[in-house]
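The chain contents come next:
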Amino acid sequence: MRVKMQEETCTGELTAYHCIIHQFVDSKGTDSTVLRDEKWKCELAFLADITAHLSALKLQLQGRDPMITDMYDAVKAFQVKLLSWEKQKHQSNLPHIPCCQVMLNQVATTLFINTHFADKLSARRRGNGTCAGSDGAD
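Residues numbered from 1 in each chain as written. Predicted model: local features only at pLDDT ≥ 70, side-chain atom pairs only at ≥ 80, totals over all residues. Heavy atoms only, no water.

Comments concerning a nonpolar patch on the surface
How we decide: Each patch is built from salt-bridge-free residues with over 30% relative accessible area, joining like charges within 9 Å and nonpolar side chains (Val, Leu, Ile, Met, Phe, Trp, Tyr) within 5 Å. Note on areas: these come from Shrake-Rupley sampling with a 1.4 Å probe, and a residue is covered only by the protein chains present in the view. When a carboxyl oxygen of Asp or Glu is within 4 Å of a side-chain nitrogen of Lys or Arg, the pair counts as a salt bridge. The numbering of helices and of strands both runs from the N terminus, where a helix is a DSSP run of H or I of at least 4 residues and a strand a run of E of at least 2.
Nonpolar side chains collect at one region of the surface, where Tyr17, Ile20 and Ile21 lie side by side and expose about 210 Å² of accessible area between them. Mapping Tyr17 onto the fold places it in helix α2 (residues 10–27).

Written out as structure tokens, the structure is:
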């Protein structure tokens, strides 16, 4: 299943994860109405994109005997990327955040509010962010 998901585009991967979560929740007899909510799907897309970038940073920081200066540079570069993505989100220019771009194309702009996600990026960049969706701004 994972190999098939890796071969597909972001849309396919995000849809596959959504379907897996939906099936799991349904199998437990739990209410799954939130999974049908378009705003929740937008949050999932944002989380998927940021997680992918954080995973890439993690891999960059790992390795055999990494130099502290290289690690510092990688973290600083990631902070600059966050600032760039924040500005791009305000302009609805999302080349580095593909799942969000897909959701923006699929749902109304009233549901996918770029400033909401740009604010989340800003909070992460400043280091005072909490888990997505739990920062009280929703």
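The discussion continues.
Concerning the pattern of salt bridges
The line we're drawing: Working definition: with a 1.4 Å probe on protein chains only, accessible area under 20% of the residue-type maximum means buried, over 50% means exposed, and in between means partly exposed.
Enumeration according to the criterion identifies one salt bridge in this entry. Residue Glu38 is joined to Lys41 by a salt bridge in which the shortest nitrogen-to-oxygen separation is 3.7 Å. Residue Glu38 and its partner Lys41 are located together in helix α3 (residues 38–61), separated by three residues, close to a single helical turn. Taking the relative accessible area as the measure of exposure, Glu38 reaches 28% and is therefore partly exposed. The class for Lys41 is partly exposed, based on a relative accessible area of 22%.

Points about helix α4 (residues 68–90)
The condition that has to hold: Given a helix with a known number of residues, its expected span is that number minus one, times 1.5 Å.
Under the 1.5 Å per step criterion, the end-to-end length of α4 is 34 Å for 23 residues, consistent within 8% with the ideal 33 Å. Three or more residues of α4 are buried, namely Ala74, Phe78, Leu82, Trp85, Glu86, Gln88 and Lys89. The positive-phi residue at the C-terminal boundary of α4 is Ser92, with phi of around 60°.

Quick notes on the nonpolar core
Most often, soluble globular proteins keep nonpolar side chains buried together rather than apart. Convention followed: Take the buried Ala, Val, Leu, Ile, Met, Phe, Trp, Tyr and Cys residues and link them wherever side-chain atoms come within 4.5 Å; each set so joined is a nonpolar core.
Membership of the largest hydrophobic core is limited to eleven residues, which are Phe46, Ile50, Leu57, Ala74, Phe78, Leu82, Trp85, Leu94, Ile97, Cys100 and Leu104. Here this core takes four residues from α4, the largest share from any one element. In terms of nonpolar packing, the next biggest core, distinct from the first, is built from five residues, Cys42, Ala45, Cys99 and Val107 among them.

A closer look at the environment of Val107
Considering the arrangement of structural elements, one finds Val107 in the loop between α5 (98–106) and α6 (114–126). Along the chain, Val107 and Lys41 lie 66 residues apart, while their C-alpha atoms are 9.7 Å from each other.

Let's talk about the packing of α3 against α4
Rules: The axes used here are C-alpha line fits, helices contributing only the stretch in contact, and every angle between their N-to-C directions lies in the interval 0 to 180 degrees. Angles are sorted into four bins: roughly parallel if under 35 degrees, roughly antiparallel if over 145, roughly perpendicular if 65 to 115, and oblique for all others. A clockwise turn of the near helix away from the far one marks a right-handed crossing, whereas an anticlockwise turn of less than a right angle marks a left-handed crossing. By definition in these notes, contact holds between two residues if any of their heavy atoms fall within 4.5 Å.
Interhelical geometry of α3 versus α4 gives an angle of 165° and a closest axis separation of 10 Å. With respect to their mutual orientation, α3 and α4 come out roughly antiparallel. The handedness of the crossing between α3 and α4 comes out as right-handed. On α4, the residues that touch His53, Leu54, Leu57, Gln60 and Leu61 of α3 are Met71, Ala74, Val75, Phe78 and Trp85.

Side note on the confidence of the model for the protein
Threshold: In predicted models, pLDDT denotes the confidence assigned by the predictor to each residue on a 0 to 100 scale.
Model confidence for the protein is summarised by a mean pLDDT of 74, while 70% of its residues fall at 70 or above. No element of the protein has a lower mean pLDDT than helix α1 (residues 2–7), at 43, and none a higher one than α4, at 87. Every residue in residues 1–10 is under pLDDT 50, and counting partners more than four places away or in other chains gives nine contacts. Every residue in residues 129–138 is under pLDDT 50, and counting partners more than four places away or in other chains gives 15 contacts.

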